[in-house]
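# Fold and geometry: a report
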Amino acid sequence: MKRAKRTMRTASTAGVVGALLAGMLAFGGTGAASAQEPVLISEEVTTQEEPSCETVDLGMLDSTPGSSLEASGRWSAEDCDSRFRSNSDAHTYRFEIAETGRIRVDLTSPDADSYVYLLNEEGNRITEDDDGGVGALDARIERELQAGVYLVEATTTAGRVRGAADFEVVVTQVATCDPQVLGALMPGQDIEVTGFWTPESCQSIFLTGHPSNYFVFTLPEGARVRVDLTSEIGDPALIVAPIVALRSVVPGQVAHNDDAGGTRNSRIEQYFPPDVYGIEATTYRARDLQGPLIDFTLTLTIVEEEAYQNSPLLKIEEIDIPTEVVVGDPLPVNFRIGNVGGDGFPDQAGYAISYAIGPRVYDSSEPLLSRLWPAGASYHTNEETASTTSAASSQVAPYSVTFRRPGPTWVFTAVIAFDGNEDELGFHGLWHDLLVLSNPTYDPVLVEVDGVAYSVSAALAEVVQGEEEEEEIEEGTVVTTVTSVDDPEADIDPETQEKAQYAAGVRTQLLDGIFDRPAIARLAESADPVSIAVTGASSSALLKATAPQYEAVVQASGLLETLADGEAISPVAVEDLVLAMADGASGTYASVAASWRGLLERVDSGGALTFDESSAVQAQLAYAERVIAPTVSAGEIVASARAAELGWNDPEVQAMLSGQPSCDTGDDPLSDPLALAGTEDADTLVALDAEMRAALFAYIVAIDNVLCAIENVDAANSRFLERLGLGQSEQLLALIEPESLPEPEPEEEEDPTHRLRILARLGEDGRIEHGVELFSGFEILPERRYLPSDTTVGTWYSTQDVELDGVSIGQIRARRLADGRVELSFRDFDGDIVAPDIAYLPADLDEGVWYRSSLVEVPVPPEPEEDEEEAEADEAAEG
């Protein structure tokens, strides 16, 4: 999608030609758009010093169409300088017209790339062109001019480096492009006309160098009118992008549009009072980019007002987008979208697409189905865009776009509705302007580096003084200033500047508003603070801080003893563990929160934040957001499940589980963290971790969310330095550099096996139900699977075959022991017994809860061999 200018200058008015060509008309910038707006070529008034070179007078141009004034010359590389192009030769010509008319200026050269400027008598630029002529590199200007004197500057694009070249200038009086009269537009009687654009077509009034056609129609009575301009050619890469510029005969533009008619076609639909109207049908592509002959179709229709009012009309009703964003930061695009029409979609197959687009950025929704859009339906993406009647919907979510260069830019948020035949029902969008900053800005703050106080500020720069002259810098560039408090004129070494800038960044971007950060704002502080030492913000530092906390909670749970006894882990016991982890995390948060409050109180009173304190704040915040917050969240899920009548089957509990982030932590995810922390009994903890994962999904949520968050912290740390303009600082990069882990040894290839656990749970009648759970999570329950409550102690009982894809992989075996426990094992398809390491069910089983053995590997049965007689029969049948 092409970007239109938001605010455009009013151009001067030329004479009225054939009651249609009312001269250059003004486009008013608007916040809302029914589609893309064409770019108006405004008449710049750029005063230049008159060169001392001779101006050649071509004389008066005759007003008869076809009359011309001609001159030839040569750029010798030693001529006068161009007013507008550095290091370029230029020749200036003067001509006069006695009455308003359409004038064409051609500048051609067989050897050079021509560039032509049209100026008024005072030498002020009106317009210019490059490559708009008939030849590939020739220039052409064609437009309505009022009576008066004009200048033509003939120059080149490449400048003097290309050497001497001959050229020719021709000023021609062009026949007026008389409009085609279409007659009266009446209800039920559409007007349709076809035409074509060529390089020799009349030039657009609004877009210099673009071919156009003109039409006039009469509207006897006021009505809602739809104007469609469509163009389609065989090669999709050459499809023309039409623009409809609809203008009243009385000077004053009525409507304009690009791209609202589906794909690249254009459409205007609105109410018009009775009048005579003109249409300029032009293209978005300039003359030199057109094919030799491009067909188009123009269609005018009166839309029934009642039908219009009773049709769906989706609009972007409100937007909430920041006015500033830092390069590389995701820009949230919040909005409200609603059906303000009188009815829903005409068919169930209809849908809408909404999107946000800007220069080199784009984000869009999945199809929003018609059932979402009854008349009056409205959805918002945040509270700022909500209305009294709108609702939140998971299908209508905010967009996120990221700009990579500083400077002023824009975002266009839009919605397009389609019926079941893919015909467009409507289009609407809102523009938003913003400024992209190179770095964040902040007012002066006090920091301390190596015992010296500094004032640091970051502000938008306007002009940087060069050695010889002022040099304009890119808009949106932020400059950071570091000044010694005791000696403002003192020179500061680069390393100290980096540390001061880092400390100021932590103060303004992290510490200020730290309790309002989403992950922090929802945390509650325990009454019993637990101190913790986090040595850095890197992933390895966080893992080293986390591992001892985890080990201590596990040791206190008694689950290591259960594992050592070979008994199955109770899911209830794992729930207790998760709750204990959450309680410990809340105590740790209370300690770091108290530290932050103390720092905030001091700096708010005028104290300086030291470099070491800044590093500690970043590390503590990383630990709080990536370890404490997900651990507390897992505890809340367990507490909700225990409080719910349906337990883990409660819909709200299930929604809490499904709403958690996820990532692939691989096999034995605790191995590396425990090894990094130097945990002595790491292998046992890894083995217990595997059993607890099998016992309770919420435990997986607790552990994996922490590990995934830590895995992403290094990229976040690098991004933090990059935002501050410190992404190349070696000393600061070393501060966040994680320790590397040894590469794992490649695993040897083994025979294929089924990895599974034996399942067992106690029923209300005292029987024990059995099944298997494959490593993928798929459960298999054989038909005969219950161990009676009165079985003989010490006697093995077997289930029916456990079948996978119709093939038996073995049977589950169980026997009661004298101490009340139950022992489990598995007989594979060959009759071999496979005993799991965790093979015992405790005597005091929780009723209705699935217990799991440890993983066992069962060989995969071979493919059944085909009977020889059957094989011979098959071969005979094939023959």
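Residues numbered from 1 in each chain as written. Predicted model: local features only at pLDDT ≥ 70, side-chain atom pairs only at ≥ 80, totals over all residues. Heavy atoms only, no water.

### A word on the overall build of the protein
Definition in use: Only runs of H or I of at least four residues qualify as helices and only runs of E of at least two qualify as strands under DSSP, and these elements are numbered from the N terminus. Think of it in three bands: with a 1.4 Å probe and only protein chains considered, a residue is buried below 20% of the maximum accessible area for its type, exposed above 50%, and partly exposed in between. When checking whether two residues touch, look at their non-hydrogen atoms; a contact exists if any pair is within 4.5 Å. In these tables, accessible area is a Shrake-Rupley quantity obtained with a 1.4 Å probe, and a residue counts as shielded only by the protein chains included in the view.
Within the protein one finds 14 helices and 50 strands. Residue burial in the protein is summarised as follows: out of 879 residues, 50% are buried. Put simply, of all contacts in the protein between residues at least 6 apart along the chain, 70% involve residues at least 24 apart. Surface accessibility of the protein: about 42000 Å² in total, with carbon and sulfur atoms responsible for 46%.

### Considering helix 10 (residues 682-695)
Two residues of an α-helix separated by three or four positions point the same way, owing to the 3.6 residues in each turn. The condition that has to hold: Multiplying one less than the number of residues by 1.5 Å gives the expected span of a helix.
Spanning 14 residues, helix 10 covers 20 Å between terminal C-alpha atoms, matching the ideal 20 Å at 1.5 Å per step. Burial within helix 10 is extensive, with ten of its 14 residues counted as buried. Within the sequence span of helix 10, burial applies to Ala682, Leu685, Val686, Leu688, Asp689, Glu691, Met692, Arg693, Ala694 and Ala695.

### Digging into a negative patch on the surface
How we decide: Residues qualify for a patch when their relative accessible area is over 30% and they have no salt bridge, like charges being joined within 9 Å and the nonpolar side chains of Val, Leu, Ile, Met, Phe, Trp and Tyr within 5 Å. Salt bridge, as used here: a side-chain nitrogen of Lys or Arg that lies within 4 Å of a carboxyl oxygen of Asp or Glu. Neither His nor the chain ends is counted toward charge; the positive residues are Lys and Arg and the negative residues Asp and Glu. Taken as the charge centre is NZ of Lys, CZ of Arg, CG of Asp or CD of Glu, depending on the residue.
A contiguous patch of negative charge, built from Asp450, Asp493, Glu495 and Asp612, is present on the exposed surface. Mapping Asp450 onto the fold places it in the loop between strand 33 (442-449) and strand 34 (452-460). Residue Asp450 is classed as exposed on the basis of its relative accessible area, which comes to 68%.

### Topic: unusual backbone geometry
Even without being a glycine, Glu422 presents a positive backbone phi close to 70°. The topology assignment puts Glu422 in the loop between strand 31 (407-418) and strand 32 (424-437). Taking relative accessible area as the criterion, Glu422 reaches 48% and is therefore assigned partly exposed. Its identity is not glycine, yet Asp450 carries a phi of approximately 55°, on the positive side.

### Examining the pattern of salt bridges
Scanning all chains against the criterion turns up 32 salt bridges. Here Arg125 makes a salt bridge to Glu128, at a shortest N to O gap of 2.7 Å. Given a relative accessible area of 16%, Arg125 falls into the buried group. Taking the shortest distance from any N to any O, the salt bridge between Glu769 and Arg761 comes out at 3.0 Å. Residue Arg761 is classed as partly exposed on the basis of its relative accessible area, which comes to 28%. Members of the salt-bridge network, linked through shared partners, are Asp329, Arg719, Glu722 and Arg723.

### A word on the nonpolar core
What counts is decided by this rule: Nine residue types can take part in a nonpolar core, namely buried Ala, Val, Leu, Ile, Met, Phe, Trp, Tyr and Cys, and a core is a set of them joined through side-chain atoms within 4.5 Å.
In this structure, Trp596, Met692, Tyr699 and Leu841 are the most contacted members of the largest nonpolar core, which totals 111 residues. Top contributing element to this core by residue count: helix 7 (residues 611-643), with 13 residues. When near neighbours in sequence (up to four residues on either side) are disregarded, Trp596 contacts Leu511, Ile514, Phe515, Ile520, Tyr589, Gln620, Leu621 and Ala624. By size, the runner-up hydrophobic cluster in this structure holds 29 residues, among which are Val327, Ala352, Val396 and Leu430.

### Some words on the side chain of Thr385
As for its placement among the helices and strands, Thr385 is situated in the loop between strand 28 (378-380) and strand 29 (391-392). Classification of Thr385 by relative accessible area gives buried; the value is 0%. With sequence-adjacent residues up to four places away left out, Thr385 is seen in contact with Glu318, Ile319, Asp320, Asn334, Phe335, Arg336 and His380.

### Regarding the sheet that holds strand 13 (residues 191-197)
In plain terms, the rule: Paired strands, as defined in this entry, are two strands with at least two bridges between them according to DSSP. Axis angles are defined between N-to-C directions and span 0 to 180 degrees, where every axis is a line fitted to C-alpha atoms and, for a helix, only to the segment in contact.
Reading across the sheet, the four strands line up as 13-21-16-19 and stay open at both edges, with antiparallel pairing between neighbours. At either end of the open sheet lies a strand with only one pairing partner, and these are strand 13 and strand 19 (266-272). Between one strand and the next, the sheet's axes are offset by a mean angle of 15°, whatever the strand orientation. Note that strand 16 (residues 223-230) and strand 21 (residues 294-303) share seven bridges and pair antiparallel. Its bridge partner being in strand 21, Arg226 is matched across the sheet by Thr301.

### Examining the pairing of strand 30 (residues 399-402)
With burial as the criterion, only one face of strand 30 is covered, namely that bearing Tyr399 and Val401; the residues Ser400 and Thr402 on the opposite face remain uncovered. Of the pairings in the sheet, the one linking strand 24 (residues 330-339) to strand 30 comprises four bridges and is antiparallel in character. Among the inter-strand pairings, Pro330 is bridged to a residue of strand 30, identified as Thr402.

### So, the packing of aromatic side chains
Heads up, the condition is: Working definition: a ring pair exists when centres of Phe, Tyr or Trp rings (six-membered ring for Trp) sit within 6.5 Å. Plane angles under 30 degrees give stacked, over 60 give edge-to-face, the rest tilted. Charge-over-ring contacts are defined here by two conditions on Lys NZ or Arg CZ: a distance within 6 Å of the ring centre and an angle within 35 degrees of the ring normal.
Using the criterion set out here, one finds 19 aromatic pairs in the structure. Summarising the aromatic geometry, the rings of Phe217 and Tyr277 are spaced 5.7 Å apart at their centres and angled 25° between planes, so their arrangement reads as stacked. Highlighted residues: Phe217 in strand 15 (residues 211-219) and Tyr277 in strand 20 (residues 275-283), separated in sequence by 60 residues. What makes Phe217 buried here is its relative accessible area of 1%. Put simply, the rings of Trp410, Phe412, Phe427 and Trp431 touch in pairs and so form one group of aromatic residues. For Arg767, the ring lying beneath its charged end belongs to Tyr786, and the centroid distance is 4.1 Å. A cation sits over an aromatic face here: Arg813 above Trp796, 4.1 Å from the ring centre.

### Regarding the sheet that holds strand 6 (residues 101-108)
Sheet architecture is open: four strands sit in the order 3-11-6-9, paired in antiparallel fashion. Each edge of the sheet is formed by a strand with only one pairing partner; in this case those strands are strand 3 (68-75) and strand 9 (139-145). Across the sheet, the mean angle from the axis of one strand to that of its neighbour is 15°, orientation sign disregarded. Pairing between strand 3 and strand 11 (residues 165-174): eight bridges, direction antiparallel.

### Brief notes about the packing of helix 4 (residues 539-557) against helix 11 (residues 697-711)
The following threshold applies: Any angle between 65 and 115 degrees counts as roughly perpendicular, while under 35 counts as roughly parallel, over 145 as roughly antiparallel, and the rest as oblique. Residue type decides the class: Asp, Glu, Lys and Arg count as charged, Ala, Val, Leu, Ile, Met, Phe, Trp, Tyr, Cys and Pro as nonpolar, and the leftover types, Gly among them, as polar.
Where helix 4 contacts helix 11, the axes come no closer than 9 Å and their chain directions differ by 155°. Viewed along their axes, helix 4 and helix 11 adopt a mutual orientation that is roughly antiparallel. Contacts between helix 4 and helix 11 pair Ser539, Leu542, Leu543, Thr546 and Tyr550 from the former with Tyr699, Ile703, Leu707 and Ile710 from the latter. A breakdown of the residues in the contact of helix 4 with helix 11 according to their chemical character gives seven nonpolar, two polar and no charged.

### Let's talk about the environment of Asp320
Just so we agree on the cut-off: In the analysis that follows, any N or O atom pair within 3.5 Å is treated as a polar contact, provided that within protein one partner can donate a hydrogen and the other can accept it, and provided that, for residues neighboring in sequence, both atoms belong to side chains.
With respect to the element layout, Asp320 can be found in strand 22 (residues 314-320). Assessed through its relative accessible area of 28%, Asp320 is described here as partly exposed. In sequence terms Asp320 and Thr381 are 61 residues apart; their C-alpha atoms lie 9.3 Å from each other. Leaving out residues up to four positions away in the same chain, Asp320 has contacts with Pro332, Val333, Asn334, Asn382, Glu384 and Thr385. Only 2.8 Å separates the side chain of Asp320 from the side chain of Asn382, close enough to count as a polar contact.

### Notes on the packing of helix 7 against helix 11
Going by this rule: Two helices cross in a left-handed way if the nearer one is turned anticlockwise from the farther one by less than a right angle. They cross in a right-handed way if the turn is clockwise.
Following both chains from N to C, one finds helix 7 and helix 11 inclined at 165°, their axes separated by 9 Å at the closest point. Classified by the angle between their axes, helix 7 and helix 11 sit roughly antiparallel to one another. Considering how the two elements wind past one another, helix 7 and helix 11 form a crossing that is right-handed. In this structure, helix 7 contributes Arg626, Val627, Pro630, Thr631, Ala634, Ile637 and Val638 to the contact, and helix 11 contributes Ala698, Val701, Ala702, Asn705, Val706, Ala709 and Ile710. Of the residues that constitute the contact of helix 7 with helix 11, the class distribution is eleven nonpolar, two polar and one charged.

### A look at the confidence of the model for the protein
Condition: pLDDT expresses how confident the predictor is about each individual residue, on a scale running from 0 to 100.
Averaged over every residue, the pLDDT of the protein is 84; residues scoring 70 or more account for 84%. A low-confidence stretch, residues 463-470 stays under pLDDT 50, and its non-local contacts, those more than four residues away or across chains, total six contacts.

### Considering the environment of Ala223
Assignment of secondary structure puts Ala223 in strand 16. Note on Ala223: relative accessible area 11%, which makes it buried. Along the backbone, Ala223 and Pro274 are 51 residues apart, and their C-alpha atoms lie at a distance of 7.7 Å. Excluding residues that lie within four positions of it along the chain, Ala223 makes contacts with Gln270, Tyr271, Phe272 and Ile302.

### Remarks on the environment of Pro782
By secondary structure assignment, the location of Pro782 is in the loop between strand 41 (779-780) and strand 42 (786-787). Expressed as a C-alpha distance, the spacing of Pro782 and Ile812, which sit 30 residues apart in the sequence, is 9.1 Å. Residues within four places of Pro782 in sequence aside, it is in contact with His770, Gly771, Thr799, Gln800, Asp801 and Val802.

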